[in-house]
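# Residue-level structural notes
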Amino acid sequence: MSWGTELWDQFDNLEKHTQWGIDVLEKYIKFVKERTEIELSYAKQLRNLSKKYQPKKNSKEEEEYRYTSTRAFLATLNEMNDYAGQHEVISENMTSLITGELTRYVQELKQERKSHFHDGRKAQQHIETCWKQLEASKRRFERDCKEADRAQQYFEKMDADINVTKADVEKARQQAQLRHQMAEDSKAEYSSTLQKFNSEQHDHYYTHIPNIFQKIQEMEERRIVRIGESMKTFAEVDRQVIPIIGKCLDEITKAAESIDHKNDSQLVIEAFKSGFEPPGDIDFEDFTQPMKRTVSESSLSNSRGDGKSEPKFGGKSKGKLWPFIKKNKPPPPPPASASPSAVPNGPQSPKQQKEPLSHRFNEFMTSKPKIHCFRSLKRGGAGPEDFSNLPPEQRRKKLQQKVDELNKDIQKEMDQRDALTKMKDVYIKNPQMGDAASVDHRLAELGQNIEKLRLEVQKFEGWLAEVEGRLPLRTDQARRQSGLYEGQNTAAVNSCAQDRESPDGSYTEEQSQETEMKVPATEFDDEFDDEEPLPTIGTCKALYTFEGQNEGTISVAEGEMLYVIEEDKGDGWTRIRRNEDEEGYVPTSYVEVYLDKNAKDVYKSLQKISE
């Protein structure tokens, strides 16, 4: 089966067919190229999708990835990134193994096809030239034969005519002989040309054209084989990445199977557990009997002799509900209508709780020194340094985290110091390598940094130990020493071992002012926490709206009626009460006070006794 023998007369059709074959190959190259572009685009979109949902560094999202479900999602994102990489590999391999190779092959194929058909046209032109020569020789032979016949007929006519001279007859005879000779020559030439053409034609159709068509056939068959191999490569490129893609999918499945709902539930507990006990029952308060502030000696001694005192924060019910009490903030400027001289500038620090004027408390004040101190904190956007704004359990975790970070910093500084020490030893042994004194300054800095970090660690470990309840009860002297130590290291932190109390006697968790301290119950705590609310000495009407924002203040609305429990002592503040759970200070110029004369006299008498 050969094109040279079977298609010897289909030169033009073969030329069209081979051109169609090249067009098919170029179409396949274009198809593969578009496939590679799709793979690259898909890989890029997958990477962008994975990047879009990756947690941002130093953000709250990073904390969310401690749960197994979110870690599994993060693993899925990472695997999708690898999955996208395999599609990039597909695109690269198809480009190099198919598109690039076929593009070069098409160029070579076009050159080869052009050469073969050029040879075919050249052979075709040669046989056409031979045919023309044969036709010309044939026509000349035919013409000469006709001329010879006419000359012979003329000679015979002249020879038969008696009126024609002998010279004319001889001339006609010579002319007939000449024409016959020319016809013989043309015949010989035609015969030679015909033999030559037949030989050329035989070589053309049985040698030259078959050879040329055979080469064209081989070229076309190579093209068909090449496109088949490219299709196999197309499938093989995909098949090569299937195991890796399968591993990516297996990792995603493994990540999904690693999700532990119980562990995530426990992490929620660790993240939000406050460490507080639920509030207890609220005692019934009987308002049918007038409130009295006298406590008998027997009740005082009984309360001391029970020996079952618990740390309390303010009153009984208030101590249990303290996490839900609204926190007060610094007060705003007074209204424009208020008199500048009448409106106080505000306290320099939060108002501390006033001591109740009761016989029992006066007795305690004369027998034991009163301990009231507040820890000043480093103020900033991030809250207090000792994390006192957090619940106990969360505070413990933050302190432990801070201690671990400081220990890591210490280790880094120590590693640098060890490296510099070794460098200094090398310089001492080999002075030509460097000056040993050049590292002394840096070593001194590292030593100071390590010492500072160790002091910070001790400070945070102290707070951590207090939170965990590992420290023994500290005496007043130890507290003063602790306050001195912390003041030197934090520049704004003072020790306070006394339970914190707001001006209304209830414990508040102020986020930017105080630090919670766990101290074992003492007789002082038992006696101090059993105090009763101050009696009212009158009423007042709010002249302006006041938003209590400082600790110890209380918000009032214009026209609101409230109870007065303590007069202005000259500092510009009056202590008032709204109900049993809400009391605090307001600027005296913001209210109009109506004092009860009898209650006022009793209050002054008790005040003189306490002084």
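Residues numbered from 1 in each chain as written. Predicted model: local features only at pLDDT ≥ 70, side-chain atom pairs only at ≥ 80, totals over all residues. Heavy atoms only, no water.

Take the sheet that holds strand S3 (residues 573–579) next. Spatially, the 5 strands line up as an open sheet ordered S4-S3-S2-S1-S5, and their pairing is antiparallel. Each end of this open sheet is capped by a strand with a single partner; those strands are strand S4 (582–587) and strand S5 (591–595). On average, adjacent strands in this sheet sit at an angle of 40° to one another, irrespective of strand direction. Taken together, the 3 bridges between strand S2 (residues 561–566) and S3 define a ladder with antiparallel strand orientation. (Pairing = 2+ DSSP bridges. Helix = DSSP H or I, 4+ residues; strand = E, 2+ residues; numbered from the N terminus. Axes fitted to C-alpha atoms, helices over the stretch in contact; angles between N-to-C directions.)

Further remarks concern the pattern of salt bridges. Note that side chains of opposite charge can pair when their charged atoms are close. Counting across every chain of the model gives 24 salt bridges. With a closest N to O distance of 3.0 Å, Arg35 and Asp238 form a salt bridge. On the criterion of sequence distance, the pair formed by Arg35 in helix H2 (residues 11–52) and Asp238 in helix H5 (residues 166–257) is long-range, its members being 203 residues apart. Between Asp440 and Lys424 there is a salt bridge whose closest N-O contact spans 2.8 Å. With a gap of 16 residues between them, Asp440 in helix H11 (residues 440–468) and Lys424 in helix H10 (residues 392–429) connect regions that are remote in the sequence. On the accessibility criterion, Asp440 (31% relative accessible area) is partly exposed. For Lys424, a relative accessible area of 24% corresponds to the partly exposed category. The structure contains a network of salt bridges with shared partners spanning Glu566, Arg575, Arg577 and Glu583. (Salt bridge = Lys/Arg side-chain N within 4 Å of Asp/Glu carboxyl O. Buried < 20%, exposed > 50% of the residue type's maximum accessible area, 1.4 Å probe, protein only.)

General note: in soluble globular proteins, nonpolar side chains tend to be found buried as a group. Within the largest apolar cluster, 31 residues are counted, with the highest numbers of intra-cluster contacts made by Leu25, Tyr28, Met94, Ile98, Phe213 and Ile216. Looking at this core, the elements that each hand over two or more residues are H2, helix H4 (68–160) and H5. The greatest single-element share of this core, amounting to 11 residues, is contributed by H4. What Ile98 contacts, discounting residues up to four positions off in sequence, is Tyr28, Val32, Asn93, Thr103, Ser230, Thr233 and Phe234. Counting 15 residues, the second largest nonpolar core, distinct from the first, contains Ile537, Val564, Trp573 and Ile576. (Core = buried A, V, L, I, M, F, W, Y, C linked by side-chain atoms within 4.5 Å. Contact = heavy atoms within 4.5 Å.)

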